[in-house]
Amino acid sequence: MSEASKEQETGRDTPAVERALSLLDTAVGGMGGQSRPGQHEMVRQVATALEEQRHLLVQAGTGTGKSLGYLVPVLDDAMRNGNRAVISTATLALQAQIMGRDLPRLLKALDPELPRPVRTALVKGRSNYLCMHKVAGGFPEEDPAEDQLFGMGGDGALFSSSTGPSLGSGPGTQLGREILRLREWAQETDSGDRDELTPGVSERAWRQVSVTALECLGPQKCPMSEECFSERARAVAAESDVIVTNHAMLAINAFEGVAVLPEYDVVVVDEAHELQDRVTGAVTGQLSEAMVTAAARAARRHAHIDVDALDASARGLEAELGLLSTGLLPRGPEEPLALAIDAVREACRAALSDSKPEQGQSPDGALQAARSRLTQLLEVSERLLVAAERQEVVWLTRSGTFEPGAGYRPAEDDAPATVTVAPLSVAMKLRDGLFDGHTAILTSATLAIGAAFEQAAGEVGLRGPGAPDWTGVDVGSPFDYPRQGMLYVARHLPKPGRGISSEALDEVVDLIKASNGGALGLFSSRRAAEEAAEYVRERVDVPVLCQGEATMSSLIDEFAQDRDSCLFGTLTLWQGVDVPGDSCRLVIMDRIPFPRPDDPLNTARSRAVAQNGGNGFMAVSASSAAIKMAQGAGRLIRSTADKGVVAVLDSRLATERYGGFIRSTLPPFWATVDRAVVLSALSRLATASTS
């Protein structure tokens, strides 16, 4: 046991911990806040972990103030010991909160106590910044249809004139007007950061002034490298003490060995419950006939090479994919699909060789963009061909459609197919790329299941042979959940089936009538949310807002301002709503949010757990649902004055064996299955909120 641990065990804090706690008190006082025991304990735990260079998983409930809980000791460690820290978030909203509010306010409050000014930086992916070379015409106008295939968006021409995006031709469309606005903004902005453009522009417009990392010519070749906003941001980061970024950038650093972040000593992963999914998403690859055809077209147009082999490989891939059903390919691509993918790989390799720029050739943005697509396809093809031996998961999908009012329509059997590859586990890569050589602090309001952190630790590589030491701690929440909230499980309802049942819809109506609105409805599908919204509108005289009817931010604002309105939606709302006060006094969940049973990646992960002697359903599906339910239930109590009810319309939470496991992740509300008690409580809340 370390000396720091011994001193903690005897009730004495080390000097480093005492200093961090003192800085917290100074910060809270300077910012006009209140002392919170959980926040103090978090600072103590983070400061100790930094001192011992030991990894820490810390669950900090809603209202703890976890941002300050890690920022204060991290800043002190940076100032005293020169340790550079990276802070990673899953969402842009938290990233903006830290850079725009939390850090500036904290640094102002601590300024007299710090030995020198703290240098901070924000690092995002290259496509989040304006590319001045592209603005100046150094790249071709994007083909909108091909753009979408490579994740670049876009579905319309820039200008009605056929002369391309020349300023002199004048815009003839809304998209053209957006481009002109972007070009004007390019002459004014100091950062080139898309998030600083207000109001924003469409994805297809942004693609006309930005490039991906693969498309970028690089600072050595680009004629406008000195004006590059992305390179400027990285240069600032290289001289900073604290760098704020996102989970996707961490994934690139850990998985691909690309130095998108400067060397660092400490990493804080906020919203850590999303780390596995975000990292997996960042390193997932796709291949389709349409992508190969688009790459061939770009190579022919901009590299001026023979692409017959590429076109032939596209047709061969299409033929083989057309013979296969959607779903998991348990052993990866097998012949003859593997031969078709190999043909794509070889055609891409040959095209890259044929299109290689001559020595001394002037930088060519169009050529680089075409080659970037070939490189992407080559890399995905190679991954697919060795997927089985590298324990990667491969599956086929066909895209369905979503129609408002009708819901999701599955794809036809003969629809074009896409083959996808993703890692079965990101644990070992994170262990090597994230935890090795760094001190890592992982935090979230929903990190543990019950009191156990083992599930979260295992997902990120902190369990198993050779795993580094770590500590898990729950610092609690300032809220008195048993007094402030009630958990109601509608045990009398039938088990959920396909869609939302008439009994569940009637239950929603009765709950909202009792509460007189003020309800946040969290549904498992877009169709269920729309159906419930329409059903309630016809039977209850309260405003009902539904996801998809306006921007999410405007819907949340309207819900917060109108205390009797209701807001219905899907996964975004399970984590994205912070509405303190009586505007949100009822949270309704239509069912336990298990992953889809036909989800290929979850199926593969469940099978892997079972093959190693574990319970795949509990380890994957039930654990995922538990964390999502905890996030959803956390929407109810956002301040010490809040009161309300979380109503779960899925009887399985009360009747199935896994119900207790899932309930253990939820805030400790007073629980009941008595419908009359709940309706009475909601009626009292509705009356109290109007008095």
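Placed above this text is the structure.
Residues numbered from 1 in each chain as written. Predicted model: local features only at pLDDT ≥ 70, side-chain atom pairs only at ≥ 80, totals over all residues. Heavy atoms only, no water.

S.K.: I tried to follow the sheet that holds strand S19 (residues 644-648) on my own but got confused; where do I start?
M.R.: The pairing of strands in a sheet comes from backbone hydrogen bonds and takes either a parallel or an antiparallel form. Reading across from one edge, S16-S17-S15-S18-S19-S14-S20 is the order of the seven strands in this open sheet, with parallel pairing throughout. Taken across any chain shown, the strands that pair with only one partner, and hence form the sheet edges, are strand S16 (544-546) and strand S20 (670-672). When strand polarity is set aside, the average angle formed by the axes of neighbouring strands in this sheet is 15 degrees. Where strand S14 (residues 485-489) meets S20, three bridges bridge the pair, whose relative direction is parallel. The partner of Leu487 across the bridge, within S20, is Ala671. Across the face of the sheet, helix H21 (residues 526-537) comes into contact with S16 and strand S17 (566-569) while running at roughly 165 degrees to S16. Sheet contacts for helix H25 (residues 616-633): strand S15 (519-522), strand S18 (586-589) and S19; angle to S18, the most-contacted strand, approximately 155 degrees. (Pairing = 2+ DSSP bridges. Helix = DSSP H or I, 4+ residues; strand = E, 2+ residues; numbered from the N terminus. Axes fitted to C-alpha atoms, helices over the stretch in contact; angles between N-to-C directions. Contact = heavy atoms within 4.5 Å.)

S.K.: Hey, could you run me through the nonpolar core in this one?
M.R.: Side chains of nonpolar character tend, in soluble globular proteins, to be buried together. Core analysis: the biggest nonpolar cluster contains 43 residues, and Tyr70, Leu75, Ile87, Leu103 and Leu106 have the highest contact counts within it. At the level of elements, helix H2 (15-30), helix H3 (37-52), strand S1 (55-59), helix H4 (66-81), strand S2 (85-89), helix H5 (92-110), strand S4 (242-246) and strand S5 (266-269) are the ones that each hand at least two residues to this core. With eight residues, the single largest contributor to this core is H4. With sequence-adjacent residues up to four places away left out, Tyr70 is seen in contact with Met42, Val46, Ile87, Ile98, Val268, Asp270 and Thr443. (Core = buried A, V, L, I, M, F, W, Y, C linked by side-chain atoms within 4.5 Å. Buried < 20%, exposed > 50% of the residue type's maximum accessible area, 1.4 Å probe, protein only.)

S.K.: Sorry if this is basic, but what is going on with the packing of aromatic side chains here?
M.R.: The way to describe two aromatic rings as a pair is by their centre distance and the angle between their planes. This model, assessed by the stated rule, comprises seven aromatic pairs. Geometrically, the ring pair formed by Phe594 and Tyr658 is edge-to-face, given 5.4 Å between the ring centres and 85 degrees between the ring planes. With Phe594 in the loop between S18 and helix H24 (600-611) and Tyr658 in helix H27 (residues 658-663), this pair connects stretches of sequence that are 64 residues apart. Counting every residue linked through ring pairs, the aromatic cluster contains Phe479, Tyr481 and Phe669. (Phe/Tyr/Trp six-rings, centres within 6.5 Å; stacked < 30°, edge-to-face > 60°.)

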